[in-house]
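# A structural walkthrough
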Amino acid sequence: MRSTGIRRTLAALSVCSLALAASACGSDGDSASGKTRITVNCEPPKSAKVDRKFFEDDIASFEKKNTDIDVVAHDAFPCEDPKTFDAKLAGGQMEDVFYTYFTDVKHVVDTGQAADITSYVKELKSYDTLQQQLRDIYTVDGKIYGVPRTGYSMGLIYNKKLFEQAGLDPEKPPATWEEVRADAKKIAALGNGTVGYADYSAQNQGGWHFTAELYSQGGDVVSADGKKATVDTPEGHAVLQNLHDMRWTDNSMGSKQLLVLNDVQQLMGSGKLGMYLSAPDNIPILVKEKGGNYQDLAIGPMPGGKGTLIGGDGYMFNKKATPEQIRAGLKWLDHMFLTPGKGFLGDYARAKQNNAPVGLPEPRLFTGAADAKDQEVKKANANVPVENYQSFLDGNQALQMKIEPPNAQQIYSVLDGAVSAVLTKKDADIDQLLKDASGKIDGILSRS
């Protein structure tokens, strides 16, 4: 899953129609002028005027620097639409350089639509500076098929003002699920429609959060070999029991359930919600779109202390791309996304000048000197209360970072049913729910 569906930069997908021939999205590698021509996607849509201008300006500066390369960008929203992604992939109609979520990588490779770029990555100046665990996501059976661009990790967003009103320490977010439950109860006791803790339970988002909560307690959704479900466990039981008890025993989750992302963001932005799980990139949405205040919003690490769910995105290369296009695409990635303190995502000074948030605690993409440079420029241009995010940064150091399970969306759909049941039925049978979910997940895995 995406963390929010929107980052500072609005994501985008190619406008190429699936009815067009493959050459309409890809390219033959040569423009009329004899330049190497590459098609790329994830350009912000025209409705995102500032981000669109940044993207176009950065492509223009790249082409000025690399006069032998012609970049053709495709846009729409979102960067990757699950309804069309597989059809484009199967039809061989992906761009030369195309956007993917971390969870797509093996699937894209298995379909035979990705170019092996192992012999080319040495030409990517930034490659050795990227976090190893992120590079590993795009490595399948020892071969490299893509390059990471951004990442996120889950944490606990909370309202400092409500913490104070409830007699809690706003500088000390709950570190365990027992503490979450206790704090949520005190916050809900403020009354006037205040909800202590909210969670998603529909549109696959409930299954996504079940997975995050299971990771936080040291559990897994599937076995290490990817063949069996591992949700019918003490850790899985603890996740559902905790949600059930907060909902029905403590009445700290409110009466309205079957919530999705937007519902919870509305609650938090209006000042009526104490806590919910999310990634840091929710915070500017809460402020700019939902009425929240940066000073009131803080984020702590995942409760439980064992692990946190991570996700993110990157770019892969069309199997039809020529060596010249692969080399050009790698140069483009370096220029656009992978130079500390510069480019579409890293030009913090430009972002600040245009009132975009700088200083959110996003997972570090780089290591060593590149990381130091990136952090230096970010700190110099920070325009949000970075002290509100320090506990998240500190706490993350001790957590195991775990990617989403294989066949994530199908599995999340199954787990949605278990989560929604415990939040809407006081007498829900947790043991049976987990047993049923486990059987269904085993079926999904056996077919993959």
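What you see is a predicted model, and the numbers here were worked out from it, not measured in a lab. (Residues numbered from 1 in each chain as written. Predicted model: local features only at pLDDT ≥ 70, side-chain atom pairs only at ≥ 80, totals over all residues. Heavy atoms only, no water.)

### As for helix α7 (residues 177–188)
- Across its 12 residues, α7 extends 16 Å between first and last C-alpha, which sits within 8% of the 16 Å expected from 1.5 Å per residue.
- Elements in contact with the buried residues of α7: β7 (155–159), α6 (160–165), β8 (195–197), α8 (205–216), α9 (234–249) and β9 (273–278). (Helix = DSSP H or I, 4+ residues; strand = E, 2+ residues; numbered from the N terminus. Expected span 1.5 Å × (residues − 1). Contact = heavy atoms within 4.5 Å.)

### Quick look at unusual backbone geometry
- Positive phi, close to 55 degrees, is recorded for Gln203, a residue that is not glycine.
- Structurally, Gln203 is set in the loop between β8 and α8.
- Its identity is not glycine, yet Asn355 carries a phi of approximately 65 degrees, on the positive side.
- Turning to its location among the elements, Asn355 is positioned in the loop between α14 (348–353) and α15 (368–380).
- Taking relative accessible area as the criterion, Asn355 reaches 56% and is therefore assigned exposed. (Buried < 20%, exposed > 50% of the residue type's maximum accessible area, 1.4 Å probe, protein only.)

### Digging into the nonpolar core
- Ranked by size, the top nonpolar core spans 70 residues in total, and within it Tyr197, Phe210, Leu243, Met275 and Ile441 carry the most contacts.
- Top contributing element to this core by residue count: helix α17 (residues 408–424), with nine residues. (Core = buried A, V, L, I, M, F, W, Y, C linked by side-chain atoms within 4.5 Å.)

### What about the packing of α17 against helix α18 (residues 430–447)?
- Here α17 crosses α18 at 170 degrees, and the two axes come no closer than 9 Å. As the angle between them shows, α17 and α18 are arranged roughly antiparallel. Residues Gln410, Ile411, Val414, Leu415, Ala418, Ala421 and Val422 of α17 form the contact with α18, whose participating residues are Ile430, Leu433, Ala437, Lys440, Ile441, Ile444 and Leu445.
- Of the residues contributing to the contact of α17 with α18, the split by class is 12 nonpolar, one polar and one charged. (Axes fitted to C-alpha atoms, helices over the stretch in contact; angles between N-to-C directions. Parallel < 35°, antiparallel > 145°, perpendicular 65-115°, else oblique. Nonpolar A, V, L, I, M, F, W, Y, C, P; charged D, E, K, R; others polar.)

### Things to note about the pairing of strand β1 (residues 36–43)
- Along β1, seven of the eight residues are buried, which leaves the element largely enclosed by surrounding structure.
- Where β1 and strand β2 (residues 69–75) come together, six bridges link them in parallel fashion. The residue of β2 that forms the bridge with Arg37 is Asp70.
- The β-α-β motif built from β1, the intervening helix α2 (residues 49–65) and the parallel element β2 has right-handed crossover chirality. (Pairing = 2+ DSSP bridges. Right-handed = clockwise from strand over helix to strand, strands pointing away.)

### What to know about the packing of aromatic side chains
- Counted by the stated rule, this structure contains 12 aromatic pairs.
- Where Phe55 meets Trp332, the ring centres are 6.3 Å apart and the plane angle is 65 degrees; that geometry is what we call edge-to-face. You can see Phe55 sitting in helix α2 and its partner Trp332 sitting in helix α12 (residues 323–336), a full 277 residues away along the chain. This pair shows no difference in class: Phe55 is buried, exactly as Trp332 is.
- Here Tyr99 and Tyr315 contribute two aromatic rings whose centre-to-centre distance is 6.2 Å and whose plane-to-plane angle is 85 degrees, an arrangement assigned as edge-to-face. Pair noted here: Tyr99 is in strand β3 (residues 97–101) and Tyr315 is in strand β11 (residues 307–317), with a separation of 216 residues, a long-range link.
- What makes Tyr99 buried here is its relative accessible area of 5%. (Phe/Tyr/Trp six-rings, centres within 6.5 Å; stacked < 30°, edge-to-face > 60°.)

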